[in-house]
Amino acid sequence: QVQLVESGGGLVQAGGSLRLSCAASGRTFSYLVMGWFRQAPGKERRFVAAINWSGGSTDYADSVKGRFTISRDNAKNTVYLQMNGLKPEDTAVYYCAATVSRPVSRHTMVGDYDYWGQGTQVTVSS
């Protein structure tokens, strides 16, 4: 089993920055493709970003490309999402996820990921 715990969410002004962290435990972290998803009230949970085992391959949703950066530190079993230029439409619960079989791709969906964290709230004020 894999346990994922997100942190770093909070309230931020539009145009501001926030860094989310996801700590993983339960298996060898380095072999997992890690992703971030988000879900706004009344909307479907959507892909945000993903990163492969080495950190050499990443992909982003079009809505966040150029503003968000995903990274990982395998020594710390942690994946990060640096969010810059935040917009009110970025407001959502952000979930960390892991997959043992899927590639890094913006086209992956929630069903493609095997493990999930509990989520952390990000609120961007206008």
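In short, a report on the structure. (Residues numbered from 1 in each chain as written. Predicted model: local features only at pLDDT ≥ 70, side-chain atom pairs only at ≥ 80, totals over all residues. Heavy atoms only, no water.)

## Some words on the environment of V124
And step 1. Note on placement: V124 falls in strand β11 (residues 120-125).
And step 2. Taking relative accessible area as the criterion, V124 reaches 6% and is therefore assigned buried.
And step 3. Here V124 is in contact with V12, Q13, A14, L86, K87, P88, D90 and T91, once residues within four sequence places are set aside. (Helix = DSSP H or I, 4+ residues; strand = E, 2+ residues; numbered from the N terminus. Buried < 20%, exposed > 50% of the residue type's maximum accessible area, 1.4 Å probe, protein only. Contact = heavy atoms within 4.5 Å.)

## A look at the sheet that holds strand β8 (residues 78-83)
And step 1. Read from one edge to the other, the open sheet built from four strands follows the order β1-β3-β8-β7, with strand pairing classed as antiparallel. Among the strands making up the open sheet, the edge pair consists of β1 (3-7) and β7 (68-73). Averaged over neighbouring strand pairs, the angle between their axes works out to 15° when direction is ignored.
And step 2. As paired strands, β1 and strand β3 (residues 18-25) are joined by five bridges and run antiparallel to one another. When the bridges of β3 are listed, S7 appears paired with S21. (Pairing = 2+ DSSP bridges. Axes fitted to C-alpha atoms, helices over the stretch in contact; angles between N-to-C directions.)

## Here we look at the packing of aromatic side chains
In this description, a pair of aromatic rings is defined by centroid distance and the angle of the planes.
And step 1. Within this structure, the stated rule accounts for five aromatic pairs.
And step 2. Seen from their ring centres, F37 and Y113 are 5.1 Å apart, and the 80° between their planes marks the pair as edge-to-face. One end of the pair, F37, is in strand β4 (residues 33-39); the other, Y113, is in the loop between β9 (92-99) and β10 (115-116), with 76 residues separating them in the sequence.
And step 3. When its relative accessible area of 0% is taken as the criterion, F37 is described as buried. (Phe/Tyr/Trp six-rings, centres within 6.5 Å; stacked < 30°, edge-to-face > 60°.)

## Details of the pairing of β9
A regular strand places its side chains so that they alternate between the two faces of the sheet.
And step 1. With seven of its eight residues buried, β9 lies for the most part within the structure.
And step 2. Where β9 and β11 come together, three bridges link them in antiparallel fashion. Bridge pairing in β11 places V93 opposite Q121.
And step 3. As paired elements, β9 and β10 share two bridges and run antiparallel to each other. The residue bridging A97 from the neighbouring strand is W116, located in β10.

## Things to note about the nonpolar core
And step 1. If you look at the biggest cluster of nonpolar residues, it comprises 36 residues, and the most contacted ones within it are M34, W36, L81, M83 and Y94.
And step 2. Among the elements of the structure, β3, β4, β5 (46-51), β7, β8, β9 and β11 are those that each provide at least two residues to this core.
And step 3. With residues up to four places along the chain from it excluded, the contact list for M83 reads G16, S17, L18, L20, R67, F68, Y94 and V122. (Core = buried A, V, L, I, M, F, W, Y, C linked by side-chain atoms within 4.5 Å.)

## Here's the deal with the pattern of salt bridges
And step 1. Under the definition given, this model contains six salt bridges.
And step 2. Between E44 and R46 there is a salt bridge; the shortest N-O distance is 3.4 Å.
And step 3. Owing to a relative accessible area of 45%, E44 belongs among the partly exposed residues under this scheme.
And step 4. Taken together, the shared-partner salt bridges connect R38, R67 and D90 into one network. (Salt bridge = Lys/Arg side-chain N within 4 Å of Asp/Glu carboxyl O.)

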